[in-house]
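Below, each chain spelled out in residue letters.
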Amino acid sequence: TLLEVNDASKQTEVEMMVIRTILETQEKERIRLGTNLHDSVGSMLVAIKVTLEGMAINNKVLKNDPALPKVLDYLTSTIIEIRNVCFNIMPVTLELLGLSSAVRDLCSLYKSVAKFDLDVPENFPKLNSQLQLSIFRIIQEFINNSLTHGKAKNIEVELKNKSKKIYLRLKDNGLGFEVAKASEGIGLKSIKSRIKSYGGDLKISSTPGFGTEFKIELPELLPFI
């Protein structure tokens, strides 16, 4: 009956809003942790490096110590790693420059271990901040899974918007898996939760030894605000 349909629709709406609220709360905590890490540990490491470099200018013994360049290199590598971790936790580029730039920055972090084929328009329209962040997290989770579990060496990211819909295609040449028999890890569960929270659709294609492909469709406008 019409009443049953309305009740089912209302229940779906509530479920989607609950999931989005949970995800938004998790993101706020991520940002808090990322900010603390960047502002405290990151700043302290930079201060140590600058102090050592300053001391070496006026101290010939320290300046000529063969261990100094190695220590400075270690500090530089650690600072870069901290910045990469902070970017994964709180992608500042996403808020400042938009989804396209954030995705490119994300892929550049892993360019030493995999080749990325990006079809992401530079003028991709700015979306609702929650939806934009969710799309970024979906791409991030797919890349992490592809590199960590799939051992992929090539990853494709295609992002389009048409007729008030967002189309996202993610593909790798990794180990693949049997979709019907695979158990869901945290990464895949997170992806499915984000897509479900927007009433989107996910199609997974994968074959052992021949990689994995996700085809995702999301509404451009945030439902049930």
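Notes on the structure follow. (Residues numbered from 1 in each chain as written. Predicted model: local features only at pLDDT ≥ 70, side-chain atom pairs only at ≥ 80, totals over all residues. Heavy atoms only, no water.)

## So, the sheet that holds strand S3 (residues 165-172)
- Taken in spatial order, the 5 strands of this open sheet run S1-S2-S3-S5-S4, and their pairing is mixed. Each end of this open sheet is capped by a strand with a single partner; those strands are strand S1 (115-119) and strand S4 (201-206). Strand-to-strand twist of the sheet, defined as the mean angle between neighbouring strand axes without regard to direction, takes the value 10°.
- Contacts from helix H6 (residues 129-148) reach S1, strand S2 (154-162), S3 and strand S5 (212-219) within the one sheet, and its direction differs from that of S3 by about 10°. (Pairing = 2+ DSSP bridges. Helix = DSSP H or I, 4+ residues; strand = E, 2+ residues; numbered from the N terminus. Axes fitted to C-alpha atoms, helices over the stretch in contact; angles between N-to-C directions. Contact = heavy atoms within 4.5 Å.)

## A short note on the side chain of Glu213
- Here Glu213 lies in strand S5.
- Take Glu213: its relative accessible area is 17%, and that puts it in the buried class.
- Those residues in contact with Glu213 that lie beyond four places of it in its chain are Arg169, Leu170, Lys171, Lys203, Ile204 and Ser205. (Buried < 20%, exposed > 50% of the residue type's maximum accessible area, 1.4 Å probe, protein only.)

## Details of a nonpolar patch on the surface
- On the surface, a cluster of nonpolar side chains totalling about 240 Å² of accessible area is made up of Val14, Val18 and Ile22.
- Looking at the element boundaries, Val14 is found in helix H1 (residues 2-58). (Patch = residues over 30% accessible without salt bridge, like charges linked within 9 Å, V, L, I, M, F, W, Y side chains within 5 Å. Areas by Shrake-Rupley, 256 points an atom, 1.4 Å probe, with all protein chains shown as cover. Salt bridge = Lys/Arg side-chain N within 4 Å of Asp/Glu carboxyl O.)

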